[in-house]
Amino acid sequence: MNTIVSRASPYLLLTPAAVIIFAITLYPIVNLFWIAFHATNYFQIGSFNAGANFFSLFNASGMRSFVATAIFVIASDVLALSLAIFLALLLEAPLRNRGLLRTVVMVPWLVSQVVTALLWQAMLDANFGPLAHLAQVMFGVSFAPLGNEFGAMASMVIANVWRSYPFALVLMLAALQSIPSEMYEAARIDGATRWQEFRYISLPMAGQTAMVVLILLTFEYFTLVTIPFIMTSGGPNEATYLLSLRVWREAFTNYHFGYSAAAGVVVFCLNLVLALVYIRKFAVKGGADVQR
Amino acid sequence: MTKKMKGQGPHLDRRTFLGGAALGLGTLAAASAFPRPALAKKVKLVYWSPLDPKSNNARSKAEGAMVELFTKSHPEIAVEIQPVPWQVMGQQVIQGVMAGSGPDIAQLSTTNLPDQVGAGSAAPLNDVVGKNWSQAEKDDFILPWDNTVYDGQKMAYYWNSLLNNEFWYIRSEVDGEIPTTWDGLQSFLTPLAKKHGKPGFLTGLSQQGNAIEFTDWLIPAFWACGAEYVTETGEVGFLNENGMKPFQWILDMVKVHKLTPDNISALTRDNVLDAMKGRKALSTILTSNIVASARSALGDDLGLARQPGPNGACPAFAAGKFIMMTKSCHEQEAAGLFIESMISPQSQLINAQMAKELPSRKSVVADPWFKTPEAADLKFAMDYMAETPHFFKFPKRTDFLQTRLALAAQQMMTGTPIKEALERVATDWDQARNG
């Protein structure tokens, strides 16, 4: 009897957590797939309609969302990571007031997404924004980046990078700090330049961390709704209509829960692929590889 | 009392309107002499409002006074006002009710009711509000009673009246009488825009806030052109030569006459309101409920006129915000009393006087206050609504159609032919309404 109890006790102890995970994670995902393959009328789930909900995702409007999402995620990833590496190298150097500098560059991390979006929207406002005012006063030109497709996407990427680079910076800084200083000293004795130190020591040693950061940022960017919703509302001409915003709008403006769920399934699958890469590359290989 | 206009809602002439107002006032005065029923126990109502009770603006203060009027006459009922931004109120109410944590009562934008009914978040009011009302009391509403009736059930009451298409202009920079035709307006504004170095006419095509900044003037422009927004059979009524005219007009204002800037695709109603308050444009078209806000910044420099159209002023686009009881409500009797109080002539008069909101009740207009200079903006709107009305009932999924029309206009700005863009709207609309 005691043996049975002792064998079962780990599972019994895990049961509450498993139930909670099922209720708040697995059930919604299963339900999402269920709705995605059914006709809906507001909140009523109708009959099975095969993949009809997915068809609208692959029309011209849907494809614009895929393109917009790809541009947004890739541009944000590249800029946020580059900025984080640059600032990490800078803050790693023996600068005066380094502690203060490190604090200042982290400030955007404290700002919520809503405030970030409103802040940048105000900065870029064509009528009252300081940038528009400067452009008018200094060059006599009007400046309305949110009013054209390229400008709106660029503005959204900049706002997103501004908000999210501190997270990448923290991780990159930690990775750089964990590189033994003897390696740099040895390289200098061998006559390596600063660039060579970076290229052959810093980058390879912090590369794993950069990959982790990249994947975590990509997860987040794929599911971002607040910034596009507030800054551009998907416009102009659907240039910033990200898949994540489409999920939200189809559900809560258009009340097309089937379409919304279908878009959600696509976002989920894209993130799942990324997660599999993450697990395969870092988790499965064991903790030692993840440390840098 | 009313007569039908071809393809339009009931028509009200001024005499009928004032007669109804006087009759309604008398009836309501008699009705108000009876004591209000009180509840046996202490209850609390949660009321979601787009107006923040802690805000210092006139509209919030007015709503606070309306609620206070209710709680004074019903001390057994506490009301907690929870502010929710108007742009997301519709979605939030549906989500809240579906999650079982919605409010008891909510005040929503005029386009939201069909979707609240469709989503099942609105509770029927036939047995809750106005159970003993006479026909005169029912006829006391400015907007048609049936606008908020679905399958024989009253699903909401108008909390105010709105004139959606007032033409606003800066008096000190726009001299003379505003032309009533599009051609006249263009000729009139062109030299003024050049003189002052700012846009002659501003609007916004953003999909945010269900694109009301755009559709509030587009829908009456359809009517003026002989097109419809949605036909009686539920199809789009603008996929024709007449329906294309308003789009051609705004395109010409941007591309040909350069009176409207080409960045309007990103502008929201709030952007346009701010631009007018900051005198960044000479004119625009906005709604009556925010005139007071603009006037606080512009004073007498804000001029009001009728929306110019192809051959003369467009019909008045009268609508209203509404107040409804949700299916989350557990205190239906108290909620009914609250709604009755918020739409009562006394409350409506408070809202008119303090917030300069158009009342939902005809009888309120008979109050002497409406003859004072303070009520001039309201009188302008009431006259416009009484002389060229075109009431209509928003169809289900109207928020989808509005945002879809704004997208079509954005596409036109980047070169998509008008007909092609509207055909895509019609296809999407048919798909949306047929599931």
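As annotated in an unreviewed UniProt entry, chain B carries the name Extracellular solute-binding protein and is attributed to Ancylobacter mangrovi.

Under the annotation held in an unreviewed UniProt entry, chain A carries the name Sugar ABC transporter permease and is attributed to Ancylobacter mangrovi. The record held by UniProt for chain A lists under Subcellular location (unreviewed entry) the comment "Cell membrane". Heading Sequence similarities (unreviewed entry) of the UniProt record for chain A holds this comment: "Belongs to the binding-protein-dependent transport system permease family."

Novice: Before we move on, could you go through the overall build of chain A and cite the residues and values that matter?
Specialist: In terms of helices and strands, chain A carries 13 helices and two strands. Seen along its three principal axes, the alpha-carbon backbone of chain A occupies a region of about 80 × 70 × 30 Å. Within the span of chain A, comprising 292 residues, buried residues form 42% of the whole. A sequence separation of at least 24 residues applies to 68% of the contacts in chain A between residues at least 6 apart. Entry remark: accessible area of chain A is about 15,400 Å², with carbon and sulfur atoms responsible for 72%.

Novice: Let's hear about the confidence of the model for chain B: which residues, and what values?
Specialist: As a note on interpretation, predicted positions should not be read in detail where pLDDT is low. All names here are of chain B. This prediction gives chain B a mean pLDDT of 89; 91% of its residues lie at or above 70. Ignoring residues within four places in sequence, the model shows residues 1-12, a span with pLDDT below 50, making 27 contacts including any to other chains. For residues 27-35, every residue scores under 50 in pLDDT, and the model assigns this stretch 10 contacts once sequence neighbours within four places are set aside.

Novice: How would you sum up the sheet that holds strand β12 (residues 302-306) of chain B? Please name residues and give values.
Specialist: Residues and elements named next belong to chain B. Strand order in the open sheet formed by three strands is β11-β10-β12, and the pairing between neighbours is antiparallel. Either end of the sheet is taken by a strand with one partner, and the two such strands are β11 (283-286) and β12. Taken pair by pair, the neighbouring strands of this sheet meet at an average axis angle of 30°, ignoring direction. Bridge count for strand β10 (residues 166-170) against β11 is four bridges, and the pairing is antiparallel.

Novice: Can you break down the sheet that holds strand β8 (residues 157-158) of chain B residue by residue, with the values?
Specialist: All names here are of chain B. Strands sit in the order β4-β3-β5-β14-β8 across an open sheet of five strands; the sheet is mixed. In the strand order of this sheet, the two ends are held by β4 (77-83) and β8, each with one partner. Sheet strands in contact with helix α11 (residues 332-342) are β3 (43-49), β4, β5 (105-108), β8 and β14 (322-325), and its direction is about 170° off that of β14.

Novice: So what's going on with the UniProt feature "domain: ABC transmembrane type-1" (unreviewed entry) in chain A? Which residues, and what values?
Specialist: Those places that UniProt annotates as "domain: ABC transmembrane type-1" (unreviewed entry) correspond, in this numbering, to residues 66-278 of chain A. Across residues 66-278 of chain A, the secondary structure splits into 78% helix and 0% strand, with the terminal C-alpha atoms separated by 22 Å.

Novice: I'd like to hear about the pattern of salt bridges, residue by residue, with values.
Specialist: The tally for this structure, following the rule as stated, stands at 21 salt bridges over all chains. Between Arg-188 of chain A and Glu-197 of chain A there is a salt bridge, with the nearest N and O atoms lying 3.0 Å from each other. The buried category is assigned to Glu-197 of chain A, whose relative accessible area is 6%. The residue Glu-80 of chain B makes a salt bridge to Lys-44 of chain B at a minimum N-O spacing of 2.6 Å.

Novice: Go over the interface of chain A and chain B, please, and point to the residues and values.
Specialist: In this complex, chain A contributes 26 residues to the contact, which on the side of chain B involves 34 residues. In total, about 2,600 Å² of surface goes out of reach between chain A and chain B, with carbon and sulfur atoms giving 55% of it. Along the contact surface separating chain A from chain B lie zero salt bridges. Our count for the chain A to chain B interface comes out at 14 residue pairs in polar contact (both at pLDDT 80 or more). Among the elements of the structure, α10 (226-231) and α11 (243-252) of chain A are those that each provide at least two residues to the side of chain A that touches chain B. Considering each element in turn, the side of chain A that touches chain B owes the most residues, three residues, to α11 of chain A.

Novice: Describe the UniProt feature "transmembrane region" (unreviewed entry) in chain A, naming the residues involved and giving the relevant values.
Specialist: Residues and elements named next belong to chain A. Those residues carrying the UniProt feature "transmembrane region" (unreviewed entry) are residues 12-37, 66-91, 103-123, 143-162, 209-231 and 257-279 in this numbering. End C-alpha atoms of residues 103-123 are separated by 23 Å, and the span's content is 90% helix alongside 0% strand. For the annotated span residues 209-231, helix accounts for 87% and strand for 0% of the residues, and the straight-line distance between the end C-alpha atoms is 31 Å.

Novice: Tell me about the confidence of the model for chain A, residues and numbers included.
Specialist: Averaged over chain A, the pLDDT score is 89; the fraction of residues at 70 or greater is 96%. For the stretch residues 287-292 of chain A, pLDDT sits under 50, and the model shows six contacts to residues farther than four places along the chain or on other chains.

Novice: Requested: an account of unusual backbone geometry, with residues and values cited.
Specialist: With an omega dihedral of -10°, the bond running from Gly-235 of chain A to Pro-236 of chain A counts as a cis peptide bond. Tracing the chain through its elements places Pro-236 of chain A in the loop between α10 and α11. Unusually for a residue other than glycine, Ser-233 of chain A sits at a positive phi of about 55°. For Ser-233 of chain A, the location among the structural elements is in the loop between α10 and α11. Judged by relative accessible area, which is 2%, Ser-233 of chain A ranks as buried. In this model, Arg-279 of chain B sits at a positive phi of 55°, which is unusual for a non-glycine residue. With respect to the helices, strands and loops of the structure, Arg-279 of chain B is situated in the loop between α9 (269-277) and β11.

Novice: An account of the nonpolar core is requested, with residue identities and associated values reported.
Specialist: The nonpolar side chains of soluble globular proteins are, as a tendency, buried together. One finds Trp-168, Phe-247 and Leu-405 of chain B to be the most contacted residues of the largest nonpolar core, which totals 180 residues. In terms of residues, this core owes the most to one element, helix α7 (residues 149-177) of chain A, which gives 12 residues. Judged by nonpolar contacts, the second largest core, of 31 residues, contains Tyr-47, Phe-70, Ile-323 and Ile-343 of chain B.

Reading the values: the criteria
- Residues numbered from 1 in each chain as written.
- Chains lettered and ligands numbered in written order.
- Predicted model: local features only at pLDDT ≥ 70, side-chain atom pairs only at ≥ 80, totals over all residues.
- Heavy atoms only, no water.
- UniProt positions renumbered as here; feature names shortened; annotations may be inferred.
- Helix = DSSP H or I, 4+ residues; strand = E, 2+ residues; numbered from the N terminus.
- Buried < 20%, exposed > 50% of the residue type's maximum accessible area, 1.4 Å probe, protein only.
- Contact = heavy atoms within 4.5 Å.
- Areas by Shrake-Rupley, 256 points an atom, 1.4 Å probe, with all protein chains shown as cover.
- pLDDT = per-residue confidence, 0-100.
- Pairing = 2+ DSSP bridges.
- Axes fitted to C-alpha atoms, helices over the stretch in contact; angles between N-to-C directions.
- Salt bridge = Lys/Arg side-chain N within 4 Å of Asp/Glu carboxyl O.
- Buried area = accessible area lost by both parts, 1.4 Å probe.
- Polar contact = N/O pair within 3.5 Å; in protein donor to acceptor, adjacent residues only side chain to side chain.
- Core = buried A, V, L, I, M, F, W, Y, C linked by side-chain atoms within 4.5 Å.

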